[in-house]
Amino acid sequence: MRGILEKIKKTGIIPVVTIDDAACALPLAKALIDGGIPCAEVTFRTAEGEKALKIIKEAYPDIILGAGTVLTPEQAKKAKDAGASFAVSPGFNPKVVDWCLANDLPIIPGCITPTEMERAIERGFEAVKFFPAEQAGGVNFIKAVSEPYPMLNFVATGGIGPHNLEDYLSFPKVIACGGSWLVKPELLNAGRYDEITRLCKEAVEGIRI
Ligand code: 3PG
């Protein structure tokens, strides 16, 4: 778990990707890598997600590849079999979390309440997903819960983009931010990979300042 968290922290940004057609997977992965973000969370919100994970993993074995919106142990198994290095879930589902722990698939489970965070701490988690970040209280909420839970780190997603990325990442407990702003469906569907690369570069440059 710690190894993948370190890689995620180094990248700092996780593009959340929902793919309607797995044929996009390869050019998309290349666009992200060219933009300086060798990382993707491919969601299970579409049937093509699993196929896209396999394609990306085969072509770019070193990419930091996660499966997102993992809602059931069955999806967690599919994610692992497809080659995902980690899973992400929007909420804290004990069945999913326990499957991942038992099967060595690192998972970043969603937590927005202190109760959920304590469940995660109890199971030894060092990082959780804070989603939907902006709607749930933003970085100030994370700062507040970091007082009682200094052992927790956060991957914030939901409502994050160039306008507030730095606000989150400048707080040390936020190891990364995720979001769909880098790979909007309209860009993907129109094959505008150059624009995806440009958005990635913009995000990377923004956090280096
Ligand atoms: C996620 O699954 O992390 C979110 O859908 C990302 O939220 P966003 O679309 O507001 O970036």
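Residues numbered from 1 in each chain as written. Predicted model: local features only at pLDDT ≥ 70, side-chain atom pairs only at ≥ 80, totals over all residues. Heavy atoms only, no water.

A.B. asks: Tell me about the pattern of salt bridges, and please be specific about residues and values.
C.D. replies: In the structure shown here, the tally under the stated rule is eight salt bridges. Look at the salt bridges and you will find they share partners, linking Glu195, Arg198 and Glu202 into a network. (Salt bridge = Lys/Arg side-chain N within 4 Å of Asp/Glu carboxyl O.)

A.B. asks: Let's hear about the pairing of strand 1 (residues 13-17): which residues, and what values?
C.D. replies: Counting buried positions over the five residues of strand 1 gives five, a clear majority of the element. Alternating positions in strand 1 separate into two faces, Ile13, Pro15 and Val17 on one and Ile14 and Val16 on the other, with burial throughout. Pairing between strand 1 and strand 8 (residues 174-179): three bridges, direction parallel. Looking at strand 8, one finds that Ile13 is bridged to Cys177. (Buried < 20%, exposed > 50% of the residue type's maximum accessible area, 1.4 Å probe, protein only. Helix = DSSP H or I, 4+ residues; strand = E, 2+ residues; numbered from the N terminus. Pairing = 2+ DSSP bridges.)

A.B. asks: Go over the packing of aromatic side chains, please, and point to the residues and values.
C.D. replies: This model, assessed by the stated rule, comprises three aromatic pairs. With 5.2 Å between their ring centres and 25° between their planes, Phe130 and Phe141 make a pair best called stacked. Of this pair, Phe130 sits in strand 6 (residues 127-130) while Phe141 sits in helix 8 (residues 138-146), and the two are eleven residues apart along the sequence. On the basis of relative accessibility, which here comes to 0%, the residue Phe130 falls in the buried class. (Phe/Tyr/Trp six-rings, centres within 6.5 Å; stacked < 30°, edge-to-face > 60°.)

A.B. asks: Describe the layout of surface pockets, listing the residues and the values that go with them.
C.D. replies: Each pocket or cavity is described by its volume, and for the largest pocket that value is around 280 Å³. Lining the largest pocket we find 17 residues, and of these Val16, Arg45, Gly179, Ser180 and Trp181 sit closest to its centre. Residues of the lining of the largest pocket, tallied by class, amount to six nonpolar, seven polar and four charged. (1 Å grid on protein atoms, 1.4 Å probe; cavity = no way out; pocket = protein on both sides within 12 Å on 5 of 7 lines; lining within 4 Å. Points joined across faces, edges and corners; volume = space filled by probe spheres on them. Nonpolar A, V, L, I, M, F, W, Y, C, P; charged D, E, K, R; others polar.)

A.B. asks: Outline the packing of helix 2 (residues 25-34) against helix 3 (residues 48-59), supporting the account with residue identities and numerical values.
C.D. replies: The relative placement of two packed helices comes down to the angle between their axes together with the axis-to-axis distance. Closest axis-to-axis distance for the helix 2/helix 3 pair is 9 Å, and the angle between their directions is 55°. Here helix 2 lies oblique to helix 3, going by the angle between them. The way helix 2 lies across helix 3 gives a crossing that is right-handed. Facing helix 2, whose interface residues are Ala25, Leu26 and Ala29, helix 3 presents Ala52, Ile55, Ile56 and Ala59. Class assignment for the residues of the contact of helix 2 with helix 3 results in seven nonpolar, no polar and no charged. (Axes fitted to C-alpha atoms, helices over the stretch in contact; angles between N-to-C directions. Parallel < 35°, antiparallel > 145°, perpendicular 65-115°, else oblique. Left-handed = near helix turned anticlockwise from the far one by under 90°. Contact = heavy atoms within 4.5 Å.)

A.B. asks: I'd like to hear about the sheet that holds strand 6, residue by residue, with values.
C.D. replies: Within the open sheet, the eight strands sit side by side as 5-4-3-2-1-8-7-6. Their pairing is parallel. Bordering the open sheet on either side are strand 5 (107-109) and strand 6, each of which pairs with just one other strand. Between one strand and the next, the sheet's axes are offset by a mean angle of 25°, whatever the strand orientation. As judged from the two bridges shared by strand 1 and strand 2 (residues 39-43), these two strands associate in the parallel manner. Pairing of Val17 across the sheet is with Val42, part of strand 2. Its contacts with the sheet place helix 8 against strand 6, strand 7 (153-157) and strand 8, and it is angled at close to 165° to strand 7.

A.B. asks: Hey, could you go over the nonpolar core for me, with residue numbers and the actual values?
C.D. replies: Leu28, Tyr168, Leu182, Leu188 and Ile196 are the most contacted members of the largest nonpolar core, which totals 77 residues. When residues in this core are grouped by element, the largest group, six residues, is from helix 11 (residues 193-208). Among residues more than four places away in sequence, those in contact with Tyr168 are Ala133, Glu134, Gly138, Val139, Ile142, Ala156, Ile160, Val174 and Cys177. (Core = buried A, V, L, I, M, F, W, Y, C linked by side-chain atoms within 4.5 Å.)

A.B. asks: I'd like to hear about the state of the cysteines, residue by residue, with values.
C.D. replies: Inspection of the entire model under this criterion finds zero disulfides. The thiol of Cys111 is unpaired, and the distance to the nearest cysteine sulfur, on Cys100, comes to 13 Å. The cysteine Cys177 is free of any disulfide, with Cys39 supplying the nearest cysteine sulfur at 12 Å. (Disulfide = S-S within 2.5 Å.)

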